[in-house]
Amino acid sequence: MLEFSINLGRNQAVGSIKIHNFTKDFKPNLVRGFNRAGVILQRQIQDHLTGPSASVDRSRTTPGAITGRLRGSVKYKVTQEPVLRVGPNTVYAAIQEFGGRIIQTVTAKQQRFLAAAKQIFVKVGSQLNIDIPPRPYVFTAWEKKKDRVVAEIQKSISEPLK
């Protein structure tokens, strides 16, 4: 049971509400709200990752898609606690979101690719520094949908209170 009470000092109760079976009713509704919120955020993040990649269209501020692997890795999960987790699970997801520098030792295969595709000539074994600008897509999706996400969760958790 959960009990709310409103006090105005000196233990003067203005009103109180008792909710029997609160945990039994509340947690499934919270999980339901998190699932709804997860779907909303997952779709919005995936929408940000649709279209030509930034290597094709330099004006893009989000990563875009070459293979679709980053877009396909965006998932949501509601844990037992419950906690909502939303985002991609690829190793390069964070560098796309926040930007950074990749330092790569050039292999023979990479040398052939760079020479053929990019007309860049480097020695095998040399260091290649690649600067990747930040291209936020998770944070941008959250900013765009946070009001709707919060509304869905609030709607779900208020159902046992009716």
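It should be noted that the structure appears before, not after, this text.
Residues numbered from 1 in each chain as written. Predicted model: local features only at pLDDT ≥ 70, side-chain atom pairs only at ≥ 80, totals over all residues. Heavy atoms only, no water.

**Concerning helix α5 (residues 138-158)**
Reasoning step 1: Taking the largest bend as the criterion, α5 deviates by roughly 65 degrees, centred on Lys 145.
Reasoning step 2: Looking only at α5, the buried set comprises Ala 141, Val 149, Glu 152, Ile 153 and Ser 156. (Bend = angle between axes of the 7 residues up to and from the residue. Helix = DSSP H or I, 4+ residues; strand = E, 2+ residues; numbered from the N terminus. Buried < 20%, exposed > 50% of the residue type's maximum accessible area, 1.4 Å probe, protein only.)

**Notes on the environment of Lys 27**
Reasoning step 1: Along the chain, Lys 27 falls in helix α1 (residues 22-48).
Reasoning step 2: When its relative accessible area of 37% is taken as the criterion, Lys 27 is described as partly exposed.
Reasoning step 3: Separated by 130 residues in sequence, Lys 27 and Ile 157 have C-alpha atoms that sit 8.2 Å apart.
Reasoning step 4: If we skip the residues at most four places from it in the chain, Lys 27 touches Gln 80, Glu 81 and Pro 82. (Contact = heavy atoms within 4.5 Å.)

**Looking at the side chain of Gln 46**
Reasoning step 1: Residue position: Gln 46 is located in helix α1.
Reasoning step 2: A relative accessible area of 15% means that Gln 46 is categorised as buried.
Reasoning step 3: Each residue touching Gln 46, except ones within four places of it in the same chain, is listed here: Arg 71 and Val 74.

**A word on the nonpolar core**
Reasoning step 1: If you look at the biggest cluster of nonpolar residues, it comprises eight residues: Leu 30, Phe 34, Ala 37, Ile 40, Leu 41, Val 78, Val 149 and Ile 153.
Reasoning step 2: Listed by contribution, the elements that provide at least two residues to this core are α1 and α5.
Reasoning step 3: In this structure, Leu 70, Ala 93, Tyr 137 and Ala 141 belong to the second largest nonpolar core, which totals seven residues. (Core = buried A, V, L, I, M, F, W, Y, C linked by side-chain atoms within 4.5 Å.)

**Overview of a nonpolar patch on the surface**
Reasoning step 1: On the surface, Phe 139, Trp 142 and Val 150 cluster together into a nonpolar patch covering about 280 Å² of accessible area.
Reasoning step 2: With respect to the element layout, Val 150 can be found in helix α5. (Patch = residues over 30% accessible without salt bridge, like charges linked within 9 Å, V, L, I, M, F, W, Y side chains within 5 Å. Areas by Shrake-Rupley, 256 points an atom, 1.4 Å probe, with all protein chains shown as cover. Salt bridge = Lys/Arg side-chain N within 4 Å of Asp/Glu carboxyl O.)

**Description of the pattern of salt bridges**
Reasoning step 1: As enumerated under the stated definition, the model contains three salt bridges in all.
Reasoning step 2: Between Arg 36 and Glu 152 there is a salt bridge, and its shortest N-O distance comes to 3.9 Å. Of this pair, Arg 36 sits in helix α1 while Glu 152 sits in helix α5, and the two are 116 residues apart along the sequence.
Reasoning step 3: With relative accessibility at 30%, the residue Arg 36 sits in the partly exposed group.

**Describing unusual backbone geometry**
Reasoning step 1: Note the cis peptide between Glu 81 and Pro 82, where omega equals -5 degrees.
Reasoning step 2: Structurally, Pro 82 can be placed in the loop between β3 (75-78) and β4 (84-87).

None of this, on its own, says anything about what the molecule does.
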